[in-house]
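# Observations on chain architecture
The lines below spell out each chain.
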Amino acid sequence: KTCDKKIITASISDNGYVAVVTESGRYMSELTVYDIDRDNQIFAWWTTEQTICDVDFSNDNKKIAVASIGTSNGQIASSITSFYLDSEQPSFKVDFIDTLIINVTFKDKNNITAIGDNKLISINSEGAVLNQADFSNEEFIGYTNPKGKYSVLLLKDFTRNNNYFVRIFDSYGKLIAEKSY
């Protein structure tokens with residue numbers, strides 16, 4: 001397949017679905033999901049309020065989580081929206097003010113972990129926020145958020161001798177380990 005629009009991000013599922021997020025002349029951004037094996041489009045969604053910055057497929061490949069960013073009343077605003085791929089209506093949408101979400105990943109039990117510039121957020125499969133680990137008083141250096149059980153943050157703490165910290169969280173957003181360097 002070729003794409004005539006500028007690609008913002010893309011993701012591929014284990015079963016051969018491809019999610020492509022593009023710029024749009026009519027919308028802030030568009031999401032299209034293709035079934036590569038059957039060479040057809042199976043899902044499409046667009047937003048006029050925010051720009052989609054990341055997408056991920058659920059472990060069973062039936063759902064997709066979408067992270068989007070924009071502004072609301074002059075503040076940074078992010079959303080996590082989840083869809084079943086056989087429905088045009090979102091199964092849920094959760095909004096966050098003053099957090100710039102950059103990554104969204106399905107974890108165990110179809111929980112979703114989102115990484116933002118100042119917090120790690122865990123959401124269950126119904127859209128309830130399970131936990132928010134705030135790190136707004138530290139410098140966000142990096143992260144890894146693979147599928148599975150754990151998410152890892154690298155932070156620099158200005159209040160404790162500029163130490164670096166590695167923090168490990170489970171799929172419910174609970175801190176399970178921390179090591180300073």
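Reading guide: rules and limits
Residues numbered from 1 in each chain as written. Predicted model: local features only at pLDDT ≥ 70, side-chain atom pairs only at ≥ 80, totals over all residues. Heavy atoms only, no water. Helix = DSSP H or I, 4+ residues; strand = E, 2+ residues; numbered from the N terminus. Rg over C-alpha atoms; globule rule 2.2 N^0.38 Å. Buried < 20%, exposed > 50% of the residue type's maximum accessible area, 1.4 Å probe, protein only. Contact = heavy atoms within 4.5 Å. Core = buried A, V, L, I, M, F, W, Y, C linked by side-chain atoms within 4.5 Å. Pairing = 2+ DSSP bridges. Axes fitted to C-alpha atoms, helices over the stretch in contact; angles between N-to-C directions. Phe/Tyr/Trp six-rings, centres within 6.5 Å; stacked < 30°, edge-to-face > 60°.

## Focus on the overall build of the protein
- If you tally the helices and strands in the protein, you get zero helices and 16 strands.
- Here the C-alpha atoms of the protein give a radius of gyration of 17 Å, agreeing with the 16 Å that 2.2 N^0.38 yields for 181 residues.
- Counting only C-alpha atoms and orienting by the principal axes, one finds that the protein spans roughly 55 × 35 × 30 Å.
- For the protein, the proportion of its 181 residues judged to be buried stands at 46%.
- Sequence-distant contacts in the protein: of pairs separated by 6 or more residues, those separated by 24 or more amount to 31%.

## What to know about the nonpolar core
- Within the largest apolar cluster, 14 residues are counted, with the highest numbers of intra-cluster contacts made by Leu-31, Val-33, Phe-43, Val-55 and Ile-64.
- Each residue touching Ile-64, except ones within four places of it in the same chain, is listed here: Ala-19, Leu-31, Val-33, Phe-43, Val-55, Asp-56, Phe-57, Thr-81, Ser-82, Phe-83, Leu-85 and Phe-106.
- With 13 residues, the next largest nonpolar core counts Ala-65, Ala-67, Val-104 and Phe-106 among its residues.

## Let's talk about the sheet that holds strand E5 (residues 51-57)
- Spatial strand order, E5-E6-E7-E8: four strands in an open sheet with antiparallel pairing. Each edge of the sheet is formed by a strand with only one pairing partner; in this case those strands are E5 and strand E8 (90-97). Neighbour-to-neighbour, the strand axes of this sheet turn through a mean angle of 20 degrees, independent of strand direction.

## Concerning the packing of aromatic side chains
- Under the criterion given, the structure shown has six aromatic pairs.
- Here Tyr-17 and Phe-57 contribute two aromatic rings whose centre-to-centre distance is 6.3 Å and whose plane-to-plane angle is 55 degrees, an arrangement assigned as tilted. With Tyr-17 in strand E2 (residues 17-22) and Phe-57 in strand E5, this pair connects stretches of sequence that are 40 residues apart.
- We classify Phe-57 as buried; its relative accessible area is 1%.
- With 5.0 Å between their ring centres and 55 degrees between their planes, Trp-45 and Phe-83 make a pair best called tilted. You can see Trp-45 sitting in strand E4 (residues 40-47) and its partner Phe-83 sitting in strand E7 (residues 75-84), a full 38 residues away along the chain.
- Judged by relative accessible area, Phe-83 falls into the buried class, the value being 0%.

The analysis is restricted to geometry; functional conclusions fall outside its scope.
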